[in-house]
Amino acid sequence: SELASEKLLAAQAAVKQLADGMIVGLGSGSTSALAIREIGAAVEQGLDIIGIPTSVASEELARELGIPLTTLDEYPVLDTTIDGADRFNDQLELIKGGGGALLREKIVAAASKRFVVIADSTKHANPLGGFPIPVEVIPFGVQTVLHRLEELKLNPVVRQTDAGAPYITDENNLIVDLRVDTVADPKQLAEQLVIPGVVEHGLFIGLADEVLMGVGGDVQRFVK
Ligand code: DER
């Protein structure tokens, strides 16, 4: 489909930037999966990188493809991270977490010297919005957090699996999705989300260095 090719073009453009010796953060989601497949092919051709996955799903895919893997314990600072986004604006502010991996994704993105986002053209949104904002919450306090989020009129819903059970993240927390329309002031909303029991949220502000967006048969580059 058009979108699949846009995702692939963006993924290929990001992987082209990789060089021998790099420690590379491996993102999560369908666009990142394409990038991981491209990296697997490049490693087979001799590219000498080590990956740090941002989810169990990405770790399993990378392992299957024979990409050498390591951890933040071994490499607390990475050279570059390639990851997707649910939405991005012209200020390179992101909404992430549609796939439930936002906590490890943000830790790895923030630990990277360079953070490259790959996306198809449906993700571009000015103002930022059009996608619920995921928030990772410790189960112990979730009802208290929900109460606070409701007071803030952020329309929170605990994410469920298809089976109707609460979705549990790789770090054994819950995800609460904030059904807000547009995010006029991402920084202000991020400040409102500093609530005891909230571990992290899907607003990535000041982290992305570049967005590579597939559009039609091209790749459009957004930089700060
Ligand atoms: O959950 C995530 O943060 C993913 O990276 C998401 O933002 C993008 O997933 P997609 O590439 O499958 O659209």
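As the structure is a prediction and not an experimental result, all values here were calculated from the model.

Attention now goes to the overall build of the protein. When helices and strands are counted, the protein shows six helices and 13 strands. Relative to the compact-globule value of 17 Å for 224 residues, the protein shows a C-alpha radius of gyration of 17 Å, a close match. Taken over the C-alpha atoms alone, the protein extends approximately 55 × 35 × 35 Å along its principal axes. Taking as baseline every contact in the protein between residues at least 6 positions apart, the subset at least 24 positions apart corresponds to 75%. As displayed, the protein offers around 10,300 Å² of accessible surface, 52% of which is attributable to carbon and sulfur atoms.

All right, on to the packing of helix α1 (residues 2–15) against helix α2 (residues 30–44) then. Between α1 and α2, the shortest axis-to-axis distance is 8 Å and the interhelical angle comes to 50 degrees. It follows that α1 is oblique to α2 by the angle criterion. α2 is crossed by α1, and the crossing has right-handed handedness. Contacts between α1 and α2 pair A4, K7, L8, A11, Q12 and V15 from the former with S30, T31, L34, A35, E38 and I39 from the latter.

Here we come to the UniProt feature "active site" (unreviewed entry) in the protein. Mapped onto this numbering, the UniProt entry annotates "active site" (unreviewed entry) at E105. As for its placement among the helices and strands, E105 is situated in helix α4 (residues 102–110). With residues near it in sequence (within four places) discarded, E105 still touches S28, T54, D83, K96, G97 and F204.

What the rule picks out here adds up to two aromatic pairs. An angle of 70 degrees between the planes, with centres 5.1 Å apart, marks the rings of F88 and F222 as edge-to-face. Of this pair, F88 sits in strand β4 (residues 87–88) while F222 sits in strand β13 (residues 218–223); the two residues are 134 residues apart in sequence, bridging distant segments of the chain. Taken as a pair, F88 and F222 share a single burial class, namely buried. Ring geometry for F115 and F204: centres 6.4 Å apart, planes at 40 degrees, overall tilted. Taken as a pair, F115 in strand β6 (residues 112–120) and F204 in strand β11 (residues 203–204) lie far apart in primary sequence, 89 residues in all. Summarising the burial analysis for this pair, F115 and F204 share the class buried. Across the ring face of F204, the terminal group of K96 is positioned such that the distance to the ring centre comes to 5.7 Å. Taking NZ or CZ as reference, R159 lies 5.8 Å from the ring centre of Y167, over its face.

Attention now moves to the site of the ligand. For the ligand, the set of nearby residues contains 16 residues, the closest of which are S28, S30, T31, G99 and K123. Between K96 and the ligand, the recorded distance is 2.9 Å, taken from a side-chain N or O atom to an oxygen atom. One nitrogen or oxygen atom from the side chain of K123 is found 2.6 Å from an oxygen atom belonging to the ligand. Notes on the ligand: free accessible area 350 Å², of which the protein chains cover 91%.

All right, on to the sheet that holds strand β10 (residues 198–201) then. Working definition: the strands of a sheet are paired by backbone hydrogen bonds and lie parallel or antiparallel to each other. One open sheet holds the four strands; their spatial order is β8-β9-β7-β10, and the pairing between them is antiparallel. At either margin of the open sheet sits one strand with a lone partner, and together these are β8 (156–158) and β10. Taking each pair of neighbouring strands and ignoring which way they run, the sheet shows an average axis angle of 30 degrees. Note: β8 against strand β9 (residues 174–178), three bridges, orientation antiparallel. In the strand pairing of β9, P156 is matched with L178. Packed onto the sheet, α4 meets β7 (133–137), β9 and β10 and runs at close to 70 degrees relative to β10.

Analysis parameters
- Residues numbered from 1 in each chain as written.
- Predicted model: local features only at pLDDT ≥ 70, side-chain atom pairs only at ≥ 80, totals over all residues.
- Heavy atoms only, no water.
- Helix = DSSP H or I, 4+ residues; strand = E, 2+ residues; numbered from the N terminus.
- Rg over C-alpha atoms; globule rule 2.2 N^0.38 Å.
- Contact = heavy atoms within 4.5 Å.
- Areas by Shrake-Rupley, 256 points an atom, 1.4 Å probe, with all protein chains shown as cover.
- Axes fitted to C-alpha atoms, helices over the stretch in contact; angles between N-to-C directions.
- Parallel < 35°, antiparallel > 145°, perpendicular 65-115°, else oblique.
- Left-handed = near helix turned anticlockwise from the far one by under 90°.
- UniProt positions renumbered as here; feature names shortened; annotations may be inferred.
- Phe/Tyr/Trp six-rings, centres within 6.5 Å; stacked < 30°, edge-to-face > 60°.
- Buried < 20%, exposed > 50% of the residue type's maximum accessible area, 1.4 Å probe, protein only.
- Lys NZ or Arg CZ within 6 Å of the ring centre and 35° of its normal.
- Near = heavy atom within 4 Å.
- Polar contact = N/O pair within 3.5 Å; in protein donor to acceptor, adjacent residues only side chain to side chain.
- Pairing = 2+ DSSP bridges.

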